[in-house]
Amino acid sequence: MKLILRTIATVFAVVMVPALTHAETKSPNVLIVMADDCTYNDLPMYGGENAKTPNLDRLAKEGMAFDRAFLAEAICQPCRAELYSGLYPMRNGCNWNHSASRGDIESMPQHLSRAGYRVGLAGKVHVSPDAAFPFEKVDGCDKNCVRNPTREMELDSIRDFMARDEKQPFCLVVALVEPHVPWVMGDASAYPPRKLKLPPNIGDTPETRSAFGRYLAEITYMDDQFGQIVRELNAVGKSEDTLVLFTSEQGSQFPGNKWTNYNTGVHTGLIVKWPGVVKPGTRTDALVQYADVLPTLMDVVGAKSQTDTFDGSTFASVLRGESDAHREYAYGTHNNVPEGPSYPIRSITDGRYHYIRNLQNENLYIEKHLMGIKGRGELNNKYWQTWVFQSFEQPEILRLIQRYQLRPSEELYDLTNDPYEMTNLIDDASLAGVRKELGQELDRWMESQGDPGAAQDTTESLRAAKRGEHRFGVGTDR
């Protein structure tokens, strides 16, 4: 009987191995879809209690959801430069919004093209210079994240790019522009303001509820766009040969999310489907960040690279189910110029605890888009004024304003029990060891990156970067 069972098991293994081997040895296509300014835990698969995202829910059931994925800077341009280059902001050079990376770096197009891939980008670009990010431009998605209304997505060019060459694999990034402000797309009537459950880091006023409902409508609109793209992938017959990666990018334009190092700013949603390799319906606590994505793709496609090519490292073993851990720490940075006066921040997390250092906390934190008004205010958050008006009658709103604008020099949070980081544990004696460990590692990382701290968050440094004359970082003489 034992002999029969061993024989059956051997036959079963012989039958099953070729399918997995084929999935891993054949270079997969890669489809990356990015949202724009979507707070990770507003999505249902990360605990969101409002948004409806049937297409992303389906992807999570078919793939692997990462519960501890981070990006280094919760601003559009720096986080994209990190994702595409595999380098942290100091090393790739993009430390601010509306700036530039170093002209001599290489990114996804160069690395994957050497591995035989066509590498294209549809939608929002927001990285520069072109020499560092020479994506093939693919039409079909709006490139302007602040257009009102957003242009309808046209799928012909996306379909043609995916289907163009049966012999050459592709890597396509589709960078959508929702739910970036202005929140005008989708059906806001599906989210009646009074029925919404607001996160604890958002003040409760009627104007805030209205804005939050419009934001949620854009999440659902983005989800529908994602569904359309996946259907095109299916239609060209490439779904079983394609690794699909979705990421929510940084947090939304609500206080404490985008433009901050708080968890709801730098924590990103990340879901990967890889037929025949990734076990469907799985979740992982492996700590990863954007700098790891390109090294992972290089591993997945079988390309070789030097160990010092990237700041990140491959988490392909997590995708294959061979490991449930990856990096020990994820790092964060924020330079407030030109979005407001200088307010440099650095941070680090081990996945459980999050240590934040406000380098010039004596300053008042100001973010001009969120707190100010320009013109008709279409890109500004008019609800902020209602927070100020209600701050006397609603002390909980005053506390949120103080949390946003008046910050201590150091902050420490338990992300497992306090994902919205409402209770600062920096003076908790029982966590003194955690504070010391994370602080020392943050110092080491900053030194390794050539990060001078506050001196980076200046108009002088930003202007120098735009000229291609980066003042600080590895390889500079200053």
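Structure first, text after, so check above.
Anyway, here's the lowdown on the structure attached to this text. (Residues numbered from 1 in each chain as written. Predicted model: local features only at pLDDT ≥ 70, side-chain atom pairs only at ≥ 80, totals over all residues. Heavy atoms only, no water.)

1. Description of the overall build of the protein chain
Here is step 1: Within the protein chain, the secondary structure is distributed over 15 helices and 12 strands.
Here is step 2: Computed over C-alpha atoms, the radius of gyration of the protein chain comes to 22 Å, within 12% of the 23 Å expected from 2.2 N^0.38 for 478 residues, which places it in the range of a compact globule.
Here is step 3: For the protein chain, the C-alpha atoms occupy an extent of roughly 75 × 55 × 55 Å along the three principal directions.
Here is step 4: Evaluated residue by residue, the protein chain yields a buried proportion of 58% over its 478 residues.
Here is step 5: Carbon and sulfur atoms make up 52% of the accessible area of the protein chain, which amounts to about 19,600 Å² in all. (Helix = DSSP H or I, 4+ residues; strand = E, 2+ residues; numbered from the N terminus. Rg over C-alpha atoms; globule rule 2.2 N^0.38 Å. Buried < 20%, exposed > 50% of the residue type's maximum accessible area, 1.4 Å probe, protein only. Areas by Shrake-Rupley, 256 points an atom, 1.4 Å probe, with all protein chains shown as cover.)

2. What to know about helix 9 (residues 293–300)
Here is step 1: Of all 8 residues in helix 9, 7 are buried; the element is thus mostly enclosed.
Here is step 2: Of all the positions in helix 9, only Val 293, Leu 294, Pro 295, Thr 296, Leu 297, Met 298 and Val 300 are classed as buried.
Here is step 3: Where helix 9 ends, the next residue or the one after it, Gly 302, has phi of about 80°, a positive value.

3. Digging into the environment of Phe 66
Here is step 1: On the secondary structure map, Phe 66 appears in strand 2 (residues 64–70).
Here is step 2: Separated by 351 residues in the primary sequence, Phe 66 and Asn 417 place their C-alpha atoms 18 Å from one another.
Here is step 3: Every residue in contact with Phe 66, bar those within four places of it in the chain, is listed here: Tyr 46, Leu 270, Val 272, Thr 284, Ala 286, Val 288, Phe 315, Val 318 and Leu 319. (Contact = heavy atoms within 4.5 Å.)

4. Remarks on a nonpolar patch on the surface
Here is step 1: The grouping of Leu 364, Ile 366 and Leu 406 at the surface amounts to a nonpolar patch, some 260 Å² of accessible area in total.
Here is step 2: By relative accessible area, Leu 364 is classed as partly exposed at 44%. (Patch = residues over 30% accessible without salt bridge, like charges linked within 9 Å, V, L, I, M, F, W, Y side chains within 5 Å. Salt bridge = Lys/Arg side-chain N within 4 Å of Asp/Glu carboxyl O.)

5. Overview of the sheet that holds strand 2
Here is step 1: The sheet built from 8 strands is open, its strands ordered 4-3-5-1-6-7-2-8 with mixed pairing. For this open sheet the edge positions go to strand 4 (136–138) and strand 8 (282–289), each flanked by a neighbour on one side alone. Shown here is a sheet whose adjacent strand axes are inclined to one another by a mean of 20°, direction ignored.
Here is step 2: The pairing of strand 2 with strand 7 (residues 270–273) spans 3 bridges and is antiparallel. Looking across to strand 7, one finds that Met 64 is bridged to Val 272.
Here is step 3: Against the sheet, helix 3 (residues 76–85) engages strand 1 (29–34), strand 3 (118–123), strand 5 (170–175) and strand 8, with an angle of about 170° to strand 1.
Here is step 4: With respect to the sheet, helix 6 (residues 156–163) is in contact with strand 3, strand 4 and strand 5, its orientation differing from that of strand 5 by roughly 160°. (Pairing = 2+ DSSP bridges. Axes fitted to C-alpha atoms, helices over the stretch in contact; angles between N-to-C directions.)

6. Side note on helix 3
Here is step 1: Across the 10 residues of helix 3, 10 count as buried, placing the element largely inside the fold.
Here is step 2: Within helix 3, burial applies to Cys 76, Gln 77, Pro 78, Cys 79, Arg 80, Ala 81, Glu 82, Leu 83, Tyr 84 and Ser 85.
Here is step 3: Directly after helix 3, the chain includes Gly 86, whose backbone phi takes a positive value near 75°.

7. Let's talk about the packing of aromatic side chains
Here is step 1: According to the stated counting rule, one finds 22 aromatic pairs in the structure shown.
Here is step 2: Between Trp 183 and Tyr 215, the ring centres sit 5.6 Å apart and the planes meet at 55°, which makes this aromatic pair tilted. Here Tyr 215 lies in helix 7 (residues 206–235) and Trp 183 lies in the loop between strand 5 and helix 7, a separation of 32 residues in the sequence. Comparing Trp 183 with Tyr 215 shows no difference in burial state: the two are buried.
Here is step 3: On the numbers, 5.8 Å between centres and 70° between planes, the contact of Phe 226 with Phe 246 is edge-to-face. Of this pair, Phe 226 sits in helix 7 while Phe 246 sits in strand 6 (residues 242–247), placing them 20 residues apart in sequence.
Here is step 4: A residue is classified by how much of its surface remains accessible, and Phe 226, at 2% relative accessible area, is buried.
Here is step 5: By the ring-pair criterion, three or more aromatic residues cluster together here, those being Trp 183, Phe 212, Tyr 215, Phe 254, Tyr 343, Tyr 365, Tyr 383, Trp 384, Trp 387 and Tyr 404.
Here is step 6: Stacked on the ring of Phe 161, the Lys or Arg Arg 118 has its end atom at 4.7 Å from the ring centre.
Here is step 7: Taking NZ or CZ as reference, Arg 407 lies 4.2 Å from the ring centre of Tyr 365, over its face. (Phe/Tyr/Trp six-rings, centres within 6.5 Å; stacked < 30°, edge-to-face > 60°. Lys NZ or Arg CZ within 6 Å of the ring centre and 35° of its normal.)

8. Brief notes about the pairing of strand 3
Here is step 1: Burial analysis of strand 3 places 6 of its 6 residues in the buried class, which makes it a mostly covered element.
Here is step 2: Bridge count for strand 3 against strand 5 is 6 bridges, and the pairing is parallel. Bridge assignment links Val 119 to a residue of strand 5, and that residue is Cys 171.

9. Describing the pattern of salt bridges
Here is step 1: Scanning the model with the defined rule gives 25 salt bridges in all.
Here is step 2: The salt bridge involving Glu 441 is made with Arg 444; its shortest N-O contact spans 2.8 Å. With a gap of 3 residues between them, Glu 441 and Arg 444 both fall in helix 14 (residues 432–449), about one helical turn apart.
Here is step 3: In this structure, a network of salt bridges that share partners links the residues Asp 36, Arg 80, Lys 124 and Glu 249.

10. A closer look at the nonpolar core
Here is step 1: Counting residues in each nonpolar core, the largest one holds 63 residues, and the members touching the most others are Ile 158, Leu 172, Val 174 and Phe 246.
Here is step 2: Ranked by residues supplied to this core, first place goes to helix 7 with 10 residues.
Here is step 3: Once you skip the residues sitting within four places of it in the chain, Val 174 turns out to touch Leu 31, Ile 32, Val 33, Met 34, Ala 122, Cys 141, Ile 158 and Ile 229.
Here is step 4: Counting 53 residues, the second largest nonpolar core, distinct from the first, contains Phe 70, Val 278, Phe 310 and Leu 319. (Core = buried A, V, L, I, M, F, W, Y, C linked by side-chain atoms within 4.5 Å.)

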